[in-house]
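# A look at the structure
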Amino acid sequence: NPFLPNNELDSIKKTYDPLIFACEYLAEDVDITDNPFAWAFSKDKHIAKDLTLDVWNGNKDNYMYLSFDFNRDPITCGVIQHINDTIYVIKSYKLANSDIYKLCERINIDYEGFVFIVTGDASGSSSSGMVKDARNYYTLIKQLLNLSQGQIKVPTVNPRIEENRLIVNSILSHYPVQIHPLQSDSLIYDLLNVS
């Protein structure tokens, strides 16, 4: 693009999917069907190789972030810590034929004594996210994990897919991320295959 200085163009190029960049900024004719959602994901860069680090058991001095997604089946939750400027995806729960009660029970057993910050799918706060006793998912998670209201950090609406894609790829491009290859294999599968 002759209208942008090279340093600005280079900065933009690092943020966008290479195909979208070629189409939008270089005016090239590209086929963007079957374009991976997580185009910035790299097995070599993002899948942890050193599993002897203490971090893989979690560090009780740091918040344990729990990110819930309320699919009907399976129900999922990512377990994440931010330690020394690195995001560690410690575990990805993906429980088939299960419910929020069983998932929270597993979290309580696996991460007893941790301080949780809960986030995730905004639909868990709505009436469509109702579970037993006419409570929504986040009200129930708060009770089951014995949390204060300040530990629940959920958006009022889910971001658009395009926004999510930009955020995911920006983090993968510009931030140290390490994903446990065994305990987060379902997340790795999604990062490699969702388009």
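To be clear, the structure that these remarks concern was listed above.
What counts, and where the lines are drawn
Residues numbered from 1 in each chain as written. Predicted model: local features only at pLDDT ≥ 70, side-chain atom pairs only at ≥ 80, totals over all residues. Heavy atoms only, no water. Buried < 20%, exposed > 50% of the residue type's maximum accessible area, 1.4 Å probe, protein only. Helix = DSSP H or I, 4+ residues; strand = E, 2+ residues; numbered from the N terminus. Contact = heavy atoms within 4.5 Å. Pairing = 2+ DSSP bridges. Phe/Tyr/Trp six-rings, centres within 6.5 Å; stacked < 30°, edge-to-face > 60°. Lys NZ or Arg CZ within 6 Å of the ring centre and 35° of its normal. Patch = residues over 30% accessible without salt bridge, like charges linked within 9 Å, V, L, I, M, F, W, Y side chains within 5 Å. Areas by Shrake-Rupley, 256 points an atom, 1.4 Å probe, with all protein chains shown as cover. Salt bridge = Lys/Arg side-chain N within 4 Å of Asp/Glu carboxyl O.

## Some points on helix α7 (residues 185-193)
Listing the buried residues of α7 in full gives S186, I188 and L191. Of the surrounding secondary structure, the elements contacted by the buried residues of α7 are β3 (86-95) and β7 (177-179).

## Some details on the environment of V157
As for its placement among the helices and strands, V157 is situated in the loop between α5 (137-144) and α6 (161-174). Separated by 36 residues in sequence, V157 and D121 place their C-alpha atoms 8.2 Å apart.

## Quick look at the pairing of strand β1 (residues 64-69)
With burial as the criterion, only one face of β1 is covered, namely that bearing M64, L66 and F68; the residues Y65, S67 and D69 on the opposite face remain uncovered. Across five bridges, β1 lies against strand β4 (residues 116-120) in parallel orientation. Residue pairing across strands places L66 opposite V118, the latter belonging to β4. Sheet topology note: the β1/strand β2 (residues 75-83) ladder contains five bridges and is antiparallel.

## Observations regarding the side chain of S184
Here S184 lies in the loop between β7 and α7. A relative accessible area of 0% means that S184 is categorised as buried. Look past the residues within four positions of S184 in its chain and what remains in contact with it is V89, I90, K91, S92 and I179.

## Considering the packing of aromatic side chains
The relative placement of two aromatic rings is captured by the distance of their centres and the angle of their planes. In the structure shown here, the tally under the stated rule is six aromatic pairs. When the centroid spacing of 6.3 Å and the interplanar angle of 75° are considered together, the rings of Y63 and Y65 count as edge-to-face. A centroid spacing of 5.3 Å and a plane angle of 80° characterise the contact between F70 and Y138, whose relative ring orientation is edge-to-face. One end of the pair, F70, is in the loop between β1 and β2; the other, Y138, is in helix α5, with 68 residues separating them in the sequence. In this structure Y138 comes out as buried when scored by relative accessible area, which is 4%. We note K91 situated over the ring of Y93; from NZ or CZ to the ring centre the distance is 5.2 Å.

## Re a nonpolar patch on the surface
On the surface, Y63, Y65 and V115 cluster together to form a nonpolar patch covering roughly 270 Å² of accessible area. For Y65, the position within the fold is in strand β1. The class of Y65 is partly exposed, set by a relative accessible area of 31%.

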